[in-house]
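# Coordinate analysis (summary)
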Amino acid sequence: MATATSPFDILPPNLFNVFSTQGHGNLQRHYMAILLRIYELAEFNRFGLTREVVVAEIVDYLKLVDEEDLSCINAEAEADDGERDYAGYLLRRLVNAGWLEREQTADYTECIILPDYAFTLLEALRSIQEQKPKEFAGQLYAAQQLLTNESDDFSPSLALTQAYENVRQVVRGLNELNQNIRRHTERVTKDKDVPELLRLQ
């Protein structure tokens, strides 16, 4: 009997070790924020990002970090050589963990790329961060248009596959909403006074 494959068979073994920050638990959010910033830069960049661009982005982020957290990064890095050195240390940790990879171009420029699994994981984490409302109507409309298309270049197999994917996402979204209705209600009503809650009703 074949054993079921696990996502952890594909992912690097140290991928999530970057979030066990040697007793500095508040650094986890900084690693995630840096990864999401790099992901935003890399999302529509076909050729990867130069090391200088990535280091500059990390330095830019570190300017927003308060002194207490910066001293924790200093303690973890065991260095006190300024933001560029902190940025280099953080970049090395992300590369060693497997979130980022280094590549060298023909002109010896060092590029930083995100592996395919990092794109998938960071897109999911960004979706959690943004908490965008689900667009069920658009997905159902797209499925209906696919199934009722009568044009000459119509491909029934492609239309059926795409319609199935749209409907599957709607069903998944509704199940997610149903299982988290209490959390959704708390999020919608948080910090609202009684008159405003009555208007929502």
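By convention here, each chain's residues receive numbers from 1 onward along its written sequence. Totals for whole chains, interfaces and linings use all residues, but because this is a predicted model, local features are given only for residues with pLDDT of at least 70 and pairs of side-chain atoms are given and counted only at 80 or more. With hydrogens and water excluded, all non-hydrogen atoms of the structure serve as input to the side-chain values.

## Section: the nonpolar core
Among the nonpolar cores identified, the biggest contains 38 residues, and Ile58, Trp99 and Leu100 are the most heavily contacted of them. The secondary structure listing takes helices from DSSP runs of H or I that are at least 4 residues long and strands from runs of E that are at least 2 residues long, numbered from the N terminus. Only helix H2 (28-42), helix H3 (51-62), helix H4 (67-77), helix H5 (83-97) and helix H6 (116-130) provide two or more residues apiece to this core. Working rule for contacts: check all heavy atoms of both residues, and any pair within 4.5 Å makes them a contact. Beyond its immediate chain neighbours, meaning those up to four positions away, isoleucine 58 contacts Ile34, Ile38, Ala87, Leu90 and Leu91. Working definition of a nonpolar core: buried Ala, Val, Leu, Ile, Met, Phe, Trp, Tyr and Cys residues. They are joined through side-chain atoms within 4.5 Å. Only protein chains enter the area calculation, which uses a 1.4 Å probe; residues under 20% of their type maximum are buried, those over 50% are exposed, and those in between are partly exposed.

## Considerations on the confidence of the model for the protein
For every residue, the predictor reports its confidence as pLDDT, a number between 0 and 100. Per-chain confidence: the protein averages 81 in pLDDT, with 89% of residues scoring 70 or above. Element-level mean pLDDT values for the protein span from 70 in H4 up to 91 in H3.

## What about H6?
One less than the number of residues in a helix, times 1.5 Å, gives the span that helix is expected to have. In a regular helix each residue adds 1.5 Å, so 15 residues correspond to 21 Å; H6 covers 21 Å between its end C-alpha atoms and thus fits that length. Restricting attention to buried positions, one finds in H6 the residues Tyr117, Ala118, Leu122 and Arg126. What you see down the axis of H6 is that its buried residues fit within an arc of 160 degrees, all on one side. When the buried face of H6 is taken as reference, the exposed residues oriented beyond 90 degrees from it are Asp116, Thr120 and Ile128. Its buried side turned inward, H6 meets H2 and strand S2 (101-104). Glutamine 131 occupies a position one or two residues after H6 and carries a positive phi of about 50 degrees. The arc refers to the directions leading from the helix axis to the C-beta atoms.

## Looking at the pairing of S2
At least two bridges found by DSSP between two strands are what make those strands a pair. Both S2 and strand S3 (residues 110-113) contribute to a ladder of four bridges, which runs antiparallel. For glutamate 103, the partnering residue across the bridge sits in S3 and is cysteine 111.

## Details of a nonpolar patch on the surface
Patch rule: a residue counts if its relative accessible area is over 30% and it has no salt bridge; like charges are joined within 9 Å, and nonpolar side chains (Val, Leu, Ile, Met, Phe, Trp, Tyr) within 5 Å. Here the Shrake-Rupley method, with its probe set to 1.4 Å, supplies the accessible areas, and only the displayed protein chains count as covering residues. What makes a salt bridge here is a side-chain nitrogen of Lys or Arg within 4 Å of a carboxyl oxygen of Asp or Glu, nothing more. A cluster of nonpolar side chains, Leu140, Val167 and Val171, forms an exposed patch at the surface whose accessible area comes to about 230 Å². Tracing the backbone through its elements, the reader meets valine 171 in helix H8 (residues 156-179).

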